[in-house]
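Given next are the chains, with one letter for each unit.
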Amino acid sequence: MTEEKEKSLNFIEEIVTEDLKAGKNGGKIVTRFPPEPNGYLHIGHAKSICLNFGLADKFGGETNLRFDDTNPVTEETEYVDSIRADVRWLGFEWENEFYTSDYFDNLYEFAIQLIKKGLAYVDDSSAEEIANLKGSPTQPGSDSPFRNRSIEENLDLFQRMHAGEFPDGAKVLRAKIDMANPNMHLRDPLMYRIKHAHHHRTGDKWCIYPMYDFAHGQSDSIESITHSICTLEFDVHRPLYDWYIEKLEIFPSHQYEFARLNLSHTVMSKRKLLQLVQEGIVNGWDDPRMPTISALRRRGFTPSAIRNFCERIGVAKRDNLIDVGLLEFCIREDLNKTADRVMAVLDPLKVVITNYPEGQVEEMHVENNPEDKESGSRIVPFSREIFIEKEDFMEVAPKKFFRLGPGLMVRLKGAYIIKCDDFVKDENGEITEIHCSYIPESRSGSDTSGINVKGTIHWVSAAHAEKAEIRLYDRLLIVEDSSSVGNDFKKFINPESLIVIRDVLVEPSLKEADLGTNYQFIRKGYFCLDKDSTPDALVFNRTVTLKDTWAKEMKK
RNA sequence: UGACCGAUGGUGUAAUGGUAACACUACGGUUUUUGGUGCCGUCUUUCUAGGUUCGAAUCCUAGUCGGUCAACCA
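As the structure is a prediction and not an experimental result, all values here were calculated from the model.

Enquirer: Whenever I open this one, the domain arrangement of chain A confuses me. Can you help?
Expert: You'll often see interface size given as the accessible area lost when the parts meet. What the domain assignment lists for chain A is domain 1 (3-258), domain 2 (263-340 + 468-555) and domain 3 (344-458). For domain 2 versus domain 3, the separation of C-alpha centres amounts to 30 Å. Each partner contributes to the roughly 1800 Å² buried at the junction of domain 2 and domain 3, and carbon and sulfur atoms together form 57% of this total. If you look at where domain 2 meets domain 3, you find 4 salt bridges. Where the side of domain 2 that touches domain 3 is concerned, the elements lending two or more residues are α12 (324-338), β21 (466-473), β22 (498-506) and α13 (549-555).

Put into structure tokens, the structure is as follows:
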């Protein structure tokens, strides 16, 4: 019985389904992911990546990775490399790797064609003059004095622009459409500008570069992209996208727009992210507080959790603000099933088990993951002196406190039940040490004591523990919707977005921790080794906390 | 004061003229050697006003609210 429930399609999948049914494009579907290599990919890009590659996967098509590199002054190879790595890490493989700059010759030829058709002209106006004549959304623009040059003159001028005869900004090539069109993008948009700049791929071959609008649709067309998917703000560009394709009489790619991802408690714009990096508010693009793919990776997120998140948030056209809690849910859901459990004590309190023989060490076999029976077990040494969390002991315990306090009993995870007999305070009234006795018959796995305890706590053996540094990460901003505070977002950085704890005590097995392996520190959250870690100085990042209903209860 | 896009629980997303549902959140219960996980349950929804129709979240009209558009950026 393969009774799979028909999952409803998003509106783009519906369009594709209909196109396929109608036999459009010979039953083929080709998409593309077109980042500009001027920054790092973030979770919003992941949504687009999952959409584009997912569509091709689902309908038997192909997806190209195309670097939209038409602006030589902002684009760099460093970004190309990081983007490639991020897309692969997310689990996608592209059919072709292309660059808009691959098409500079074609684009130049397209421009000549439009000039010859009397649909493009060279304008000597300055940027300011062009802006002034453009009008405003509510006010029609007016024609440039250069609008009616002859085809011959335009051809000559454009070729001389190409040949490098003019300085930057002296002239532009514009499409001749309609200066009074209610759509600003149709008011004789710029096609080419002069930039005597070195390009990361074409070097110094060109001194004129095409604008986005004159490059994107034609690049789609050259690659026979059937469904060109972009975000909502390009909706107003679509008439122009179609205009170029129509006038050039080339393969009719079509553009479809969806609402970009907005995530709560963070910023997503490249400009703002760059600001955080440049002003040292975070420690680079992969600072685990950033919403970039590289940061999420470093923080311990998995590709499948991110893909799952992108699936859950859906695809539609209305503006949205996704609660980062959903992303946290997705990573917990994944890691719960896959991450091995280990023990680490973040805020240690010494426990002496007074009736346990001095010098004795027992090797406890502790299961790695109760959710995965295949995961086996590991050995954790137990001895007379151990450390537990300070917060797991209270001198005066409230009624439902299932942990340690005078006379109270708990199970030490994977070991014995202990009972608190006494505790030691220093001159400040601070509890420095507690004394317990253990129940020898209660050893985990062979418990004949018949004692039932409510609480189980984690611990590490004092003589065997490793020291580590732990970095606790939390949401970047204290405001939900960063768009509500605009450029003031830096005033809302969460002061607790990063808390470093040194001298954390972790169980000895973590000495062998690998980069890229996720762990659950029992009762504390999911962690992974950070790249700053060395064999002598372990560093772990907290990916996300565990759900903590007790903490919630205490807040009431 | 123009053009375009949008509006379904707290947050997202479905329902494609025929019983408004799914996930997350919140809250309760249960299980548990993680106050984790699992399982069960509860709360909460069609922007407004007209119209078409036997029947409207869905179609039409108007309004309201939100977003986008005036870079030689993409």
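Enquirer: Help me out: how do you make sense of the protein's contact with RNA strand B in this one?
Expert: In the region of RNA strand B, 67 residues are neighbours, and E14, T70, R341, S444 and Q520 sit closest. Counting only the atoms of RNA strand B that lie within 4 Å of the protein, the sugar and phosphate share comes to 61%. Between RNA strand B and D68, the relevant distance is 2.8 Å, taken from a sugar or linking oxygen to a side-chain nitrogen or oxygen of the residue. P137 has a polar backbone atom sitting 3.0 Å from a base nitrogen of RNA strand B. Within the residue set of the surface near RNA strand B, elements represented by two or more residues are β6 (190-194), α11 (303-313), α12 and α13. Split by residue class, the surface near RNA strand B holds 24 nonpolar, 20 polar and 23 charged.

Enquirer: Can you walk me through the pattern of salt bridges in this structure?
Expert: When the charged atoms of two side chains with opposite charge come close together, those side chains can pair. One pass over the structure, following the stated rule, counts 50 salt bridges. With a shortest N-O distance of 3.8 Å, D143 and R147 are connected by a salt bridge. For E257, the salt bridge goes to R238, with nearest N and O atoms at 2.6 Å. One end of the pair, E257, is in strand β9 (residues 254-258); the other, R238, is in helix α8 (residues 238-248), with 19 residues separating them in the sequence. When its relative accessible area of 2% is taken as the criterion, E257 is described as buried. The exposure class assigned to R238 is partly exposed, which follows from its relative accessible area of 27%. Members of the salt-bridge network, linked through shared partners, are D286, R298, E469, R471, R502, D530, K531 and D532.

Enquirer: Can you help me understand the packing of aromatic side chains in this one?
Expert: When we look at a pair of aromatic rings, we describe it by the centre distance and by the angle of the planes. Scanning the entire structure with this criterion turns up 23 aromatic pairs. Here the aromatic rings of Y212 and F234 are separated by 5.1 Å at their centres, their planes lie at 40°, and the arrangement is tilted. A residue pair is termed long-range when its members are at least 10 positions apart, and Y212 in helix α7 (residues 212-222) and F234 in the loop between β8 (227-231) and α8 qualify at 22 residues. What makes Y212 partly exposed here is its relative accessible area of 24%. Judged by relative accessible area, F234 falls into the partly exposed class, the value being 21%. A centroid spacing of 5.5 Å and a plane angle of 75° characterise the contact between W243 and Y244, whose relative ring orientation is edge-to-face. Taking the ring centre of W89 as reference, the NZ or CZ of R297 above it sits at 5.2 Å.

Analysis parameters
- Residues numbered from 1 in each chain as written.
- Chains lettered and ligands numbered in written order.
- Predicted model: local features only at pLDDT ≥ 70, side-chain atom pairs only at ≥ 80, totals over all residues.
- Heavy atoms only, no water.
- Domains from an automatic or database assignment.
- Buried area = accessible area lost by both parts, 1.4 Å probe.
- Salt bridge = Lys/Arg side-chain N within 4 Å of Asp/Glu carboxyl O.
- Helix = DSSP H or I, 4+ residues; strand = E, 2+ residues; numbered from the N terminus.
- Near = heavy atom within 4 Å.
- Polar contact = N/O pair within 3.5 Å; in protein donor to acceptor, adjacent residues only side chain to side chain.
- Nonpolar A, V, L, I, M, F, W, Y, C, P; charged D, E, K, R; others polar.
- Buried < 20%, exposed > 50% of the residue type's maximum accessible area, 1.4 Å probe, protein only.
- Phe/Tyr/Trp six-rings, centres within 6.5 Å; stacked < 30°, edge-to-face > 60°.
- Lys NZ or Arg CZ within 6 Å of the ring centre and 35° of its normal.

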